[in-house]
Amino acid sequence: MSLSPLDRKVLRDLWRMRSQAFAIALVIAAGVGMVVMSLGMMRSLDATRDAYYDRYRFADIFAPAKRARKSLLAEMGDIPGVSQIEGRITAGATLDVAGISEPITTRIHSIPASGEPRINALVLRSGRWPDPNRPEEVLASEKFATAARISLGDSVDALLYGKRQQLRVVGTALSPEYVYAIGPGQLFPDNRRFGVLWMGEEHLAAALDLTDSFNEALIRLDRAAVPDDVIAKLDNMLARYGGVSAYPRAEQISDRFVTNELAQLRTMTGILPPIFLGVAAFLINMVLSRLIDAEHDVIGLLMAFGYRGKAIMLHYAKIAVALSIPGLALGIALGSWMGRGLAGMYQEFFVFPFLTYRAGADIYALASLATLFVVLFGVFQSVRRVRRMTPVEAMRPPLPPNYAGGVAKLISRLRWLDEPTRIILRGILRRPFRSALGSLGVAAALGLYITSAGSSDNVAQMIDILFDQANRADVMVTFAEPRDERALFALARAPGVWRVEPMRAVGAKLSGARKSKSDGLTGATAGSDLNRLVGIDGAIIEPPARGVLVSYGLANELDLSAGDPIDVQITEGRRGRFELPVAGVIKSAVGSPAYVDMAMIARRMNEAPLASGAYLGVDPARIDDLFRYLKATPIIAGVFLRSASRTGLEETIGETMGIVTLFNTGFSALIVFGVIYNNARISLAERARDLASLRVLGYRRSEVSYILLGELAILTLAGLPFGIIFGYYLSQWLSASLGGDLFIIPFGLSASTVAWAVLIVLLAALLTALFVRRRLDSLDLVAVLKTWD
């Protein structure tokens, strides 16, 4: 089957524009790849989390208590909406692990004597289940065992309820309860210093004096159940047993962090990919429009030979689609490859037993159709403009530009400028709209690069606020139970300790006018130096003498503002209930949702001032002596190091964000290069005849190159300030949009990031200039000048 003349022309045009086709493919690939990677990753994470929770029967409600008899479980199971219930024993402990000087904080859960847990089932990753007849055998969370270098068969010393026991690890496991494993008082995973153990129920009950009892109930609900109604009934039944307010899965610490992380990822996915795709589509539209405008004489010739408008439109649509297909294919392949890489990274970060990246045909279709729609719309607009002319008008060379205007006269008076420079300025001003579009394309590409690269600056700013301005304690310890000031005096006398500041965490149910949430109050003291409340703007905030400071996320969730009353129902100790005024709404990088003065909350709870833990300033030379002291102290439930927390944050959040930023920055760099290269090539195609005429008139090659490249340089430089402004505000908006109830990412765009972005643009411009100069030097003057003869 022979090709039609127009189809042969399509092939000739594609071969002639092969280098531009490559640049166009890069821009399209960047936009499509960003969409495929981000949307596919979001879908994969949601599907993996739901499948993991369902397959391993993650609890819908957690109901802790002090000590409840097992026979109560049957009564709790009769509550309408409860489909499955299981009691277990949970305790905190510290471990002494060979090769690690500091005490290790751990959480221990019981395994039913009948076998595997029916709720919060475990994924056995290595080894075997503990033998019910061997009380020392335990399972360890896989990440903890790996980070602490604990092998199967190794023994660890545990301080459990004031009793020292030797435990032996016989297997490793994963649990849906610890997708994001953090210890009490921690905000980020530290697998080397926090772990989870599972041991036989009978042996753990004997160690804690909880035989035939449980201190936590796990509940699975029917689909039609109303969680709040079930929780209210559970609280009533467990009140006499020291129940500490049942809470839904959404408030379970691991799921809360996972949900918050996914919400931030979903926000980022809803902002950056559409912007990337929109910018890429706009730039391709601009490029193709200029290409078609440059061929208006060819379109006039086609009309003169009898080709109708639809045939001409279809011809250029074929060229546009053919130019787009390589970019679409490359973008889908690149986005899928990067998405699979991100899937592996998130599987490690969130500790999923499986995570398969699946974007889906609908995401591929969405990205492709959106790109093709904008591309074809640009073709339609450009061809329609030319079709309005008669064939004679379309084939006529463009009228010489009118240089009689005021601006042109002003340029002609600038005698200190040489003639090539005046040619450059006249060329820019005679087509101001097209020149502005060229600079706008550079600005858009630069802005995307700054926004992508600036994410790392925001994380660095958050780390600085957390560990250099807010938390300045070398060590934080938590107590097994709240203690009075005598515990603080004892810590002040511990080896190497030069300063002690108390910390108070109080479990509470906080209620606004219409909504409530089970959370907690953090008690602080005015004038603290080791642990300060610092806003994302770096301002130090003191706890109010009256009232409560609430976080931005909690204020939005409970619809609170300064001056509103908040109902506080304490869920521990004497379980008081009272109202506090909201003293203010604060934005801090991370932290508790509500802060109160320690002395004030003690008075409202009708108790002596108590501490849940302490912040310690420690002499680095005696840190090992302090660790030995803490390992032998029964009241210590957890030990956390600021340096370790910082390293953990940099290795988890920082590394994860760094890889995502690297991918986004890579896509941005493709757009930068593609835009600048296409601007240069199209300008060369549009001005080839003028430049050839100048060569014939005696201008040297260097002068001709200076005219074209000088114009490109001016347009590129003109776009830089607008790109910096666009990138600054887009980065700021993205940072503000990523805030949640657990994290608020501060805005910290640095001058060095902006400088590097500008340098990348200038480097792309330099490489393009070298290539275009080679094309100019090889210009066929005779062939070019024959074009309009």
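In this text, all values refer to a predicted model and were calculated from it rather than measured experimentally. (Residues numbered from 1 in each chain as written. Predicted model: local features only at pLDDT ≥ 70, side-chain atom pairs only at ≥ 80, totals over all residues. Heavy atoms only, no water.)

Engineer: Give a description of the overall build of the protein that names residues and reports values.
Structural biologist: Looking only at helices and strands, one finds 22 helices and 22 strands in the protein. Taking all 789 residues of the protein together, 54% fall into the buried category. Taking all contacts inside the protein whose residues are at least 6 apart in sequence as the whole, residues at least 24 apart take part in 83%. Counting every atom, the protein has about 34500 Å² of accessible surface; 58% of that belongs to carbon and sulfur. (Helix = DSSP H or I, 4+ residues; strand = E, 2+ residues; numbered from the N terminus. Buried < 20%, exposed > 50% of the residue type's maximum accessible area, 1.4 Å probe, protein only. Contact = heavy atoms within 4.5 Å. Areas by Shrake-Rupley, 256 points an atom, 1.4 Å probe, with all protein chains shown as cover.)

Engineer: Explain a nonpolar patch on the surface to me, using residue names and the numbers behind them.
Structural biologist: Among the surface-exposed residues, Leu763, Leu766, Leu767 and Leu770 lie close enough to one another that they form a single nonpolar patch of about 380 Å² accessible area. Of note, Leu767 is situated in helix H21 (residues 751-777). (Patch = residues over 30% accessible without salt bridge, like charges linked within 9 Å, V, L, I, M, F, W, Y side chains within 5 Å. Salt bridge = Lys/Arg side-chain N within 4 Å of Asp/Glu carboxyl O.)

Engineer: Report on helix H1 (residues 5-16), specifying residues and quantitative values.
Structural biologist: The end-to-end C-alpha distance of H1 is 16 Å, a good match for the 16 Å that 12 residues give at a rise of 1.5 Å each. What H1 keeps buried is the set Leu6, Lys9, Val10 and Asp13. For H1, the angular spread of buried residues about the axis comes to 110°, placing them on one side. Exposed and facing more than 90 degrees away from the buried side of H1 are Leu11, Arg12 and Trp15. (Expected span 1.5 Å × (residues − 1). Arc of directions from axis to C-beta.)

Engineer: Talk me through the nonpolar core; I want residue IDs and the actual numbers.
Structural biologist: With 97 residues, the main nonpolar core has Met41, Leu45, Tyr180, Tyr346, Phe350, Leu466 and Ile671 as its most contacted residues. In terms of residue count, helix H2 (residues 18-55) provides more of this core than any other element does, 15 residues in total. Dropping the residues within four chain positions of it, Met41 is found in contact with Val36, Gly339, Leu342, Ala343, Tyr346, Leu355 and Tyr357. With 26 residues, the next largest nonpolar core counts Ala91, Ala148, Met199 and Ala205 among its residues. (Core = buried A, V, L, I, M, F, W, Y, C linked by side-chain atoms within 4.5 Å.)

Engineer: An account of the sheet that holds strand S1 (residues 61-69) is requested, with residue identities and associated values reported.
Structural biologist: Here we have four strands laid out as an open sheet, ordered S2-S10-S1-S11, and antiparallel in their pairing. Strand pairing shows two members of the sheet lacking a second neighbour, strand S2 (82-88) and strand S11 (247-248), which therefore form its edges. When S1 meets strand S10 (residues 213-221), the two strands line up antiparallel, connected through six bridges. Among the inter-strand pairings, Ala63 is bridged to a residue of S10, identified as Ala217. In the packing of helix H6 (residues 227-238) onto the sheet, the strands contacted are S1, S2, S10 and S11, and the crossing angle to S1 comes to about 10°. (Pairing = 2+ DSSP bridges. Axes fitted to C-alpha atoms, helices over the stretch in contact; angles between N-to-C directions.)

Engineer: How would you summarise the pairing of strand S19 (residues 577-586) if you had to cite specific residues and measurements?
Structural biologist: As defined by bridge partners, strand S17 (residues 548-551) adjoins S19 across four bridges and the pair is classed as parallel. Paired with Leu549 across the strands is Gly584, a residue of S19. Where strand S18 (residues 565-570) meets S19, five bridges bridge the pair, whose relative direction is antiparallel. Of the residues in S19, the one forming a bridge with Pro565 is Pro581. From the end of S18 to the start of S19, which pair antiparallel, there are six residues, and Gly573 there has a positive phi angle of about 60°.

Engineer: So what's going on with the packing of H1 against helix H9 (residues 309-350)? Residues and values would help.
Structural biologist: For the pair H1 and H9, interaxial distance at closest approach is 10 Å and the crossing angle is 35°. Between H1 and H9 the crossing geometry is right-handed. Of the residues in H9, those touching H1 at Leu6, Asp7, Lys9, Val10, Asp13 and Leu14 are Ala311, His315, Tyr316, Lys318, Ile319, Ala322 and Leu323. (Left-handed = near helix turned anticlockwise from the far one by under 90°.)

Engineer: Any details on the environment of Gly584? Residues and values, ideally.
Structural biologist: With respect to the helices and strands, the residue Gly584 is situated in strand S19. Judged by its relative accessible area of 11%, Gly584 falls in the buried class. Distance from Gly584 to Ser561, taken between C-alpha atoms, is 7.1 Å for residues 23 residues apart in sequence. When residues no more than four places from it in sequence are discounted, the contact partners of Gly584 are Val548, Leu549, Val550 and Ala562.

Engineer: Go over the packing of aromatic side chains with me, naming the residues and quoting the values.
Structural biologist: Both the distance between ring centres and the angle between the ring planes are used here to describe each pair of aromatic rings. According to the stated counting rule, one finds 10 aromatic pairs in the structure shown. Aromatic pair Phe58 and Phe62: ring centres 5.9 Å apart, planes at 65°, arrangement edge-to-face. Residue Phe58 is classed as buried on the basis of its relative accessible area of 0%. Plain terms: the ring middles of Tyr728 and Tyr729 are 5.1 Å apart, the flat faces sit at 85° to each other, and that makes the pair edge-to-face. Judged by its relative accessible area of 34%, Tyr728 is partly exposed. Tyr729 sits in the exposed class, given a relative accessible area of 53%. (Phe/Tyr/Trp six-rings, centres within 6.5 Å; stacked < 30°, edge-to-face > 60°.)

None of this, on its own, says anything about what the molecule does.
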